[in-house]
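Commentary on secondary and tertiary structure
One-letter residues, chain by chain:
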Amino acid sequence: MRNRIELSSSKTAPSLGNQPHGHSEVIVSAQSEPLRRSIEVEYWVIDSEGRLVEPGTLVEASAGAEREFVEPLLEIKTTPCETTAELRDELFGRVGRVLRRADDLDVGLVPLGTPIAAEEIRDIPSERTRVQDRIVGDDFEYVRHCAGTHIHVEQQPGREIDQLNTLIALDPALALVSSSPYFQGEHLAASARSELYRRLAYDGLAHQGQLWRYVDDIDQWNRRLERRYEEFCRAAADAGVDRRAIAANFEPESAVWTPVQLRAEFGTVEWRSPDTAVPSQVVSLADSVAGVVERLRGAEVRVGGTTGGVSADTIELPSFDAVLEYVDAAITDGLASDSVRSYLGRMGFDVERFEPATHDLAGREPLDVAAARQLRLDHANRLERDVLQARSVGD
């Protein structure tokens, strides 16, 4: 699935209900039932020398394995799961089946947010990609170097806006799984992927790539989407793209990229900020995020101040400007930022559960192609160990 401006695929995420576009009715669990969640995670595919290659028949190895909009990227997604145990079993099972096929093909999966060094990354031809390339221009190259994780959380009836605003406030948690500080061999930020998306790729498109402010209600969210869609269409017209091509490939929900989004099509709130990471870290992150969101069932949400915090009956969200300061520190410094670590702890995360790869990789620049390929091989082995360890624990 990638219903967003930067990707060309028209694939869909696992739906929590069949929604006509623009319709607010969703299929959701009762208040006492578990809050379903699902994961989409992208991995670079490499050969035995660490070179980026196409997935080939890896897409046939498991349900949920799909191509992405660039040649060397594979996405693995789960169905909506009611518990972390169920989510863990499904993700590890699917990744494990892909790895077994990868072993037959002598290829590997790399859990790094960027491919580290400069190598050509080609698009898979599609009309959607062609349109995006025209609109974004040369800066679309930044998007081709990004691999991430998306977490979907089921919407709770009557609390959708609280969920959206809470996930906006939790955006600094991207630091928990940041997995690459490099772009084209040079250090860029603790989360180079977030730096590429938010500060470089969409610099010429108003409001794209940015975290959006809290909203008061669904009508305000829908009006915001419509305005962003009109801006997108104007940018397309300025780039010489026919309006019919836009209408055939995009709609308001799929023509924007913002890190947190209400997905009427799937009945979820989607968080798109995290880098790709090994499956155990991705599941831990999804578990932590869902745990905070589940607290909304019996909690009051308040907005104000700069600290933020979660208690038994209250979720206090910092002002949006304060959130942006935490986000900037999370992107630039990751968990090396004491303010980010403290904030995430107050918001309910056990920071010590996470070991973001970016901090182990830092300090090696400049990196040439040969060094980057070796790092890819090292981290492909790390992913395999992660899956094997989970299998041995399960046994």
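Residues numbered from 1 in each chain as written. Predicted model: local features only at pLDDT ≥ 70, side-chain atom pairs only at ≥ 80, totals over all residues. Heavy atoms only, no water.

This brings us to the sheet that holds strand β12 (residues 314-317). Strands sit in the order β10-β12-β11 across an open sheet of three strands; the sheet is mixed. Two strands bound the open sheet, and with one partner strand each, they are β10 (300-303) and β11 (309-310). When β10 meets β12, the two strands line up parallel, connected through four bridges. Directly across from V301, in β12, lies its bridge partner I315. (Pairing = 2+ DSSP bridges. Helix = DSSP H or I, 4+ residues; strand = E, 2+ residues; numbered from the N terminus.)

A separate point is the packing of aromatic side chains. Scanning the entire structure with this criterion turns up eight aromatic pairs. On the basis of an interplanar angle of 5 degrees and a centroid distance of 6.4 Å, the ring pair of Y197 and Y202 is categorised as stacked. Exposure class is identical for Y197 and Y202. Each is buried. Among the aromatic side chains, those forming a connected cluster through ring pairs are Y197, Y202 and W257. Over the face of the ring belonging to W212 we find R228, whose NZ or CZ atom lies 6.0 Å from the ring centre. (Phe/Tyr/Trp six-rings, centres within 6.5 Å; stacked < 30°, edge-to-face > 60°. Buried < 20%, exposed > 50% of the residue type's maximum accessible area, 1.4 Å probe, protein only. Lys NZ or Arg CZ within 6 Å of the ring centre and 35° of its normal.)

Turning to helix α5 (residues 192-201), a few remarks are in order. Along α5, eight of the ten residues are buried, which leaves the element largely enclosed by surrounding structure. Where α5 is concerned, the buried positions are A192, R193, S194, E195, L196, Y197, R198 and A201. For α5, the elements touching its buried residues are α2 (127-136), α3 (140-143), β5 (149-154), β6 (182-183) and α9 (320-333). (Contact = heavy atoms within 4.5 Å.)

So, about the confidence of the model for the protein. Note: predicted coordinates in regions of low pLDDT should not be interpreted at a detailed level. Of all residues in the protein, 91% attain a pLDDT of 70 or more, and the chain-wide mean is 90. Segment residues 1-30 is flagged for pLDDT under 50; beyond a separation of four residues in sequence, or across chains, it makes 122 contacts in the model. (pLDDT = per-residue confidence, 0-100.)

Take the side chain of Q156 next. Checked against the element boundaries, Q156 lands in the loop between β5 and α4 (160-169). For Q156, a relative accessible area of 2% puts it in the buried group.

Relative to the helices and strands, G309 resides in strand β11. Given the relative accessible area of 17%, G309 is considered buried. Between the C-alpha atoms of G309 and G348, which are 39 residues apart in sequence, the distance is 7.5 Å. Contacts of G309, omitting those with residues within four sequence positions, involve T314, I315, E316, R346 and M347.

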